[in-house]
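Here are the chains, one letter per residue:
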Amino acid sequence: MTLIIENADKNLERAIKNVVKLTDAKMTIQKEPSDELIEAIKEVENGEVERYKNFEEFKKAMLK
């Protein structure tokens, strides 16, 4: 059986984990990636990232 619960808070998650402990069931928690993470992944896949030769160049660019 698969049960999908969306937009659950930490209290509900904790309660369900405790119920699962009382049984032989297994529980897997899959969290949806944030919109920011999805956007960052797309940028990397499209090559829209800045690359630096070393940390000093990166640090210099960040301090601009």
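Every chain is numbered on its own, with residues counted from 1 as its sequence reads. pLDDT decides what is reported in this predicted model: residues at 70 or higher carry local features, side-chain atom pairs at 80 or more are listed and counted, and totals for whole chains, interfaces and linings draw on all residues regardless. Water and hydrogen atoms were dropped before computing side-chain values, which therefore reflect all heavy atoms in the structure.

## Topic: the pattern of salt bridges
Moving on, step 1. A pairing counts as a salt bridge when a side-chain nitrogen of Lys or Arg comes within 4 Å of a carboxyl oxygen of Asp or Glu. Going through the model one piece at a time under the given rule, you end up with two salt bridges.
Moving on, step 2. Between lysine 10 and glutamate 13 there is a salt bridge whose closest N-O contact spans 3.8 Å. Placement of both lysine 10 and glutamate 13 in helix α1 (residues 10-21) is noted, with a separation of three residues, approximately one turn of the helix.
Moving on, step 3. Across the salt bridge formed by lysine 17 and glutamate 13, the nearest N and O atoms sit 3.3 Å from each other. You can see lysine 17 and its partner glutamate 13 sitting in helix α1, four residues apart, about one turn around the helix.
Moving on, step 4. For glutamate 13, a relative accessible area of 17% gives the class buried.
Moving on, step 5. Several salt bridges share partner residues, and in doing so they unite Lys10, Glu13 and Lys17 into one network. Secondary structure follows DSSP: runs of H or I at least 4 residues long count as helices, runs of E at least 2 residues long count as strands, and numbering of each begins at the N terminus. Per-residue accessibility, obtained with a 1.4 Å probe over protein chains only, is compared with the maximum for each type, and a residue is labelled buried under 20%, exposed over 50%, and partly exposed between these values.

## Here we look at unusual backbone geometry
Of all residues except glycine, most have a negative phi; of all peptide bonds, most are trans.
Moving on, step 1. A positive phi angle, near 60 degrees, is found at asparagine 7, a position not held by glycine.
Moving on, step 2. Counting through the fold element by element, asparagine 7 comes out in the segment before α1.

## Overview of the packing of aromatic side chains
Moving on, step 1. Aromatic pairs are defined between Phe, Tyr and Trp rings, using the six-membered ring for Trp, whenever the two ring centres lie within 6.5 Å; interplanar angles under 30 degrees are classed as stacked, those over 60 as edge-to-face, and all others as tilted. Summed over the entire model, instances satisfying the criterion amount to two aromatic pairs.
Moving on, step 2. Relative to phenylalanine 58, the ring of tyrosine 52 lies with its centre 5.5 Å away and its plane at 75 degrees, an arrangement referred to as edge-to-face.
Moving on, step 3. Judged by relative accessible area, tyrosine 52 falls into the partly exposed class, the value being 27%.
Moving on, step 4. By way of ring pairs, the aromatic residues Tyr52, Phe55 and Phe58 are connected into one cluster.

## Observations regarding the confidence of the model for the protein
Moving on, step 1. pLDDT gives the predictor's per-residue confidence on a scale running from 0 to 100. Looking at the protein as a whole, the pLDDT averages 90, with 100% of positions reaching at least 70.
Moving on, step 2. When mean pLDDT is compared element by element in the protein, helix α3 (residues 55-62) scores highest at 94, while α1 scores lowest at 92.

## A word on the environment of glutamate 32
Moving on, step 1. Considering the arrangement of structural elements, one finds glutamate 32 in the loop between α1 and α2 (35-45).
Moving on, step 2. Glutamate 32 gets classed as exposed once you look at its relative accessible area, which sits at 72%.
Moving on, step 3. Considering only alpha carbons, one finds glutamate 32 and glutamate 6, 26 residues apart in sequence, at a separation of 9.7 Å.

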